[in-house]
Amino acid sequence: MAERIGIFVAWPYANGDLHLGHIAGVYIPADIFARYHRLRGHQVLMVSGSDAHGTPITVAADREGVSPEEIFRRYHHRFLETYRRLGVSFDLFTHTHTENHVAVSQDIFRTLNERGYLFTRTQTQFYCEYDRRFLPDRYVEGTCPYCGYPNARGDQCDNCGRTLDATELIDPRCRLCGRTPVLRETEHFFFDLPAFSDQLLEYIERQAHWRPNVQNFVRNFIQEGLKPRPVSRDLDWGVPIPVAGYEHKVMYVWFEAVIGYLSASIEWARHHGDGESWEAWWRDPSARGYYFIGKDNIPFHALIWPAELMGYDRSLNLPYDIPASEFLNLEGQQFSTSRNWAVWVPDFLDRYAPDPLRDYL
Ligand SMILES: [Zn+2]
Ligand SMILES: [Zn+2]
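Report on the accompanying structure. (Residues numbered from 1 in each chain as written. Chains lettered and ligands numbered in written order. Predicted model: local features only at pLDDT ≥ 70, side-chain atom pairs only at ≥ 80, totals over all residues. Heavy atoms only, no water.)

**Things to note about the sheet that holds strand β5 (residues 133-134)**
And step 1. Ordered by their spatial adjacency, four strands build an open sheet running β5-β4-β9-β10, and the pairing between neighbours is antiparallel. Only two strands of the sheet have a single partner each, and these edge strands are β5 and β10 (229-230). (Pairing = 2+ DSSP bridges. Helix = DSSP H or I, 4+ residues; strand = E, 2+ residues; numbered from the N terminus.)

**Quick look at the packing of helix α4 (residues 99-114) against helix α8 (residues 260-271)**
And step 1. For the pair α4 and α8, interaxial distance at closest approach is 9 Å and the crossing angle is 130 degrees. Put simply, α4 runs oblique to α8. Seen along the crossing, α4 lies across α8 with a hand that is right-handed. Of α8, the residues touching α4 (which contributes N100, H101, V104 and I108) are G260, L262, S263, I266, E267 and R270.
And step 2. For the contact of α4 with α8, the class distribution of residues is four nonpolar, four polar and two charged. (Axes fitted to C-alpha atoms, helices over the stretch in contact; angles between N-to-C directions. Parallel < 35°, antiparallel > 145°, perpendicular 65-115°, else oblique. Left-handed = near helix turned anticlockwise from the far one by under 90°. Contact = heavy atoms within 4.5 Å. Nonpolar A, V, L, I, M, F, W, Y, C, P; charged D, E, K, R; others polar.)

**A few points about the packing of aromatic side chains**
And step 1. Applying the stated criterion across every chain, the model contains 30 aromatic pairs.
And step 2. On the numbers, 6.2 Å between centres and 75 degrees between planes, the contact of F191 with F255 is edge-to-face. Residue F191 is found in strand β9 (residues 182-191), and its partner F255 is found in helix α7 (residues 253-257); the two are separated by 64 residues along the sequence.
And step 3. Residue F191 is classed as buried on the basis of its relative accessible area, which comes to 0%.
And step 4. Among the aromatic side chains, those forming a connected cluster through ring pairs are F109, Y117, F189, F191, F196, Y246, Y252, W254, F255 and F300. (Phe/Tyr/Trp six-rings, centres within 6.5 Å; stacked < 30°, edge-to-face > 60°. Buried < 20%, exposed > 50% of the residue type's maximum accessible area, 1.4 Å probe, protein only.)

**Overview of the sheet that holds strand β14 (residues 324-325)**
And step 1. Strands sit in the order β3-β2-β1-β13-β14 across an open sheet of five strands; the sheet is parallel. Lying at the two open borders of the sheet, with one neighbouring strand each, are β3 (92-95) and β14.
And step 2. Where strand β2 (residues 43-50) lies against β3, four bridges are found, and the strand directions are parallel. Directly across from S50, in β3, lies its bridge partner H95.
And step 3. Against the sheet, helix α3 (residues 68-86) touches β2 and β3, its axis set at about 170 degrees to β3.
And step 4. Here α8 sits on the sheet and contacts β1 (4-9), β2, β3 and β13 (288-294); the angle it forms with β3, its principal contact strand, is near 120 degrees.

The following block contains the structure:
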């Protein structure tokens, strides 16, 4: 019988060209996997898209003095061109700035909120009185409290690699105007991830086919105690919060970008005449969804996205497997094309043959 295979591939930020790490790490392996299953006569749906929102896009736009929309459309078109030239056979490569994605994301947000999985909390954040705006993570720079590096970002120090809270920075300054920001209170929505701890642990234990290191990593993450995560931001670029009084805030990009796997499947079904056909990959329990991602995104796909699905609609399929690659971490290292491919081919066989491909080879 024809099996149904969903192939969900990492969404790149549309703020720069794809590098070899993206291509070798996720797009080529996902494409080979898709072609293999199509050849076997299985029904394959392979979707992904550009991540159009978030501070990586707005910071790039500010730097060039253009709109975030211009930045994301430029790179989205270049991504499409790259996939066409490489022959990556997506059924749909869309983006997160579509009406459909906004509607699906807002429906999930609204539902989680109505069911009590979201709550609001007041936080103190930097605000620039000159620019008259809050300054999320990358909009604040200052001296790293750990290593003294003078140009640390509000979310991370590029010198020592530590994750930072912007309020820890010494001599903080606004990235836009260089002035010293002030602290102001602002109210944000949080996702009650701890409410899903037991269900997530149960889900992880059922995934005997996952690589043990991934399973252990995620299990430890849960056992160390999950924390509520902020899901809204004071930005004007993104998916607006669908709650009265909060419409001027947008969803945190990590919350809505993972929804893209579902919204892209729905968009694909609309393009193909039958608006319901996406359900075959999402509601039929025998369908399997494989998420091809970079290793640093495992928590988002093994914990956060499953928790969003559990809270939203129990009849939707959770990820079946998450073949995660280390290649996205090689950013910045120079490989020649030929050398990179020489690294990649045996690595692909090492990495994927023991997992989803092993059963078939
Ligand atoms: Zn540092
Ligand atoms: Zn400023």
